[in-house]
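Notes for the structure review
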Amino acid sequence: MHRRRRRTALLLTAAIAAAPLLTACGNDAHPGAAAVVGDQRITVAQLESRVNEVRAAQREAVPDQAQYARVVAGTAGLTRDTLHGMVLDRVLHRAAEDAGVTVTRRDVQQLRSQLEGQVGGAKALETAWLQQYGVPPQRLEDNLRLQAEAQKLAAALGTRTDQPAFWAALSKASKELGVEVNPRYGSWDAQKVGRVDGKTPWVREVTGGGQQGA
């Protein structure tokens, strides 16, 4: 029983063992871009804004200056990890579209209720997502929509988010989009669906009372 509950906290990383296929964009081709995903640009300004949101939330959660300094030191790779997540968000959405998967508000609310029940309420969920995933409270709803999208995509593929079939679908979507990352933030591996130097936890394998536990 407790083992099944612990499975709800399982973190997955984009890690399919395969030969790398790398692309990178320089400032000459895409001035001001941190990354380009298909026809969408993630600008440096957008990335910095996201990072500032996280830092502001961390500062509010940890008013003690010395403790906040330790939090910042412990999340030194926040900028790169945030960009990694922003790119993966778009790759996941493309994979979901390819599979004909859509997410409703009800899906998101059900997931939120489930997670709040597991961690001890709405505030506890906000705190957990900020500490573990660098997701500030104002971005929680968007992130939960992505989690729900990942779960529904896995179900449509007849698999789970911790299985190769799921990540193969993301790899395919990544190649279709032609992801490019500014070398300042690392290189992108379309086969493994991730920044080459990145290991950001991203998708939770969430199981609840009404879902399969195997």
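Now for a description of the structure that goes with this document. (Residues numbered from 1 in each chain as written. Predicted model: local features only at pLDDT ≥ 70, side-chain atom pairs only at ≥ 80, totals over all residues. Heavy atoms only, no water.)

The helix and strand inventory of the protein stands at eight helices and eight strands. The buried share among the 214 residues of the protein stands at 42%. Residue pairs in contact within the protein that sit at least 24 positions apart in sequence constitute 73% of those at least 6 positions apart. Only carbon and sulfur atoms are counted for the fraction: they give 52% of the accessible area of the protein, which is about 11,000 Å². (Helix = DSSP H or I, 4+ residues; strand = E, 2+ residues; numbered from the N terminus. Buried < 20%, exposed > 50% of the residue type's maximum accessible area, 1.4 Å probe, protein only. Contact = heavy atoms within 4.5 Å. Areas by Shrake-Rupley, 256 points an atom, 1.4 Å probe, with all protein chains shown as cover.)

To continue, consider the pattern of salt bridges. Scanning all chains against the criterion turns up eleven salt bridges. Note that arginine 105 is salt-bridged to glutamate 141, the shortest N-O span being 3.5 Å. One end of the pair, arginine 105, is in helix 5 (residues 105-119); the other, glutamate 141, is in helix 7 (residues 140-156), with 36 residues separating them in the sequence. Two residues, glutamate 176 and lysine 172, come together in a salt bridge whose shortest N-O distance is 2.6 Å. Taken together, the residues glutamate 176 and lysine 172, both in helix 8 (residues 164-177) and four residues apart, mark about one turn of the helix. Judged by relative accessible area, glutamate 176 falls into the partly exposed class, the value being 34%. Taken together, the shared-partner salt bridges in this structure form one network comprising Arg94, Asp98, Lys172 and Glu176. (Salt bridge = Lys/Arg side-chain N within 4 Å of Asp/Glu carboxyl O.)

This part takes up the pairing of strand 3 (residues 33-37). For strand 3, a buried count of five out of five residues is recorded, marking the element as mostly surrounded by other parts of the structure. Bridge analysis of strand 3 against strand 4 (residues 40-43) gives four bridges, and the strand direction is antiparallel. Its bridge partner being in strand 4, alanine 35 is matched across the sheet by isoleucine 42. Between strand 3 and strand 4, which follow one another and run antiparallel, lie two residues, and glycine 38 among them has a positive phi close to 65°. (Pairing = 2+ DSSP bridges.)

Close contact between helix 2 (residues 44-61) and helix 3 (residues 65-74) brings their axes to 9 Å; oriented N to C, the two are set at 145°. In this structure, helix 2 crosses over helix 3, and the sense of that crossing is right-handed. Residues Arg55, Gln58 and Arg59 of helix 2 pack against Gln65, Tyr68, Val71 and Val72 of helix 3. Along the lines of polarity and charge, the residues of the contact of helix 2 with helix 3 split into three nonpolar, two polar and two charged. (Axes fitted to C-alpha atoms, helices over the stretch in contact; angles between N-to-C directions. Left-handed = near helix turned anticlockwise from the far one by under 90°. Nonpolar A, V, L, I, M, F, W, Y, C, P; charged D, E, K, R; others polar.)

Given a rise of 1.5 Å per residue, 15 residues ought to cover 21 Å, and the 21 Å separating the end C-alpha atoms of helix 5 matches this to within 8%. Asp107, Val108, Leu111, Arg112 and Leu115 are the residues of helix 5 that are buried. Taken down its axis, helix 5 places every buried residue within 130° of arc, on the same side. Seen from the buried face of helix 5, the exposed residues on the opposite side, beyond 90 degrees, are Arg105, Arg106 and Gly117. Downstream of helix 5 by one or two residues, glycine 120 has phi in the positive range, about 105°. (Expected span 1.5 Å × (residues − 1). Arc of directions from axis to C-beta.)

Sheet strands pair via backbone hydrogen bonds, and the direction of the pair is either parallel or antiparallel. Judged by pairing direction, the sheet is antiparallel, and its three strands sit side by side in the order 4-3-5 without closing on themselves. The two strands at the open ends of the sheet, each matched to only one other strand, are strand 4 and strand 5 (180-181). Contacting strand 3 and strand 4, helix 2 runs over the sheet at an angle of about 55° to strand 4.

When the terminal C-alpha atoms of helix 4 (residues 78-98) are compared, their 30 Å separation across 21 residues agrees well with the 30 Å that a helix rising 1.5 Å per residue should span. Positive backbone phi, approximately 70°, marks glycine 100, located one or two places after helix 4.

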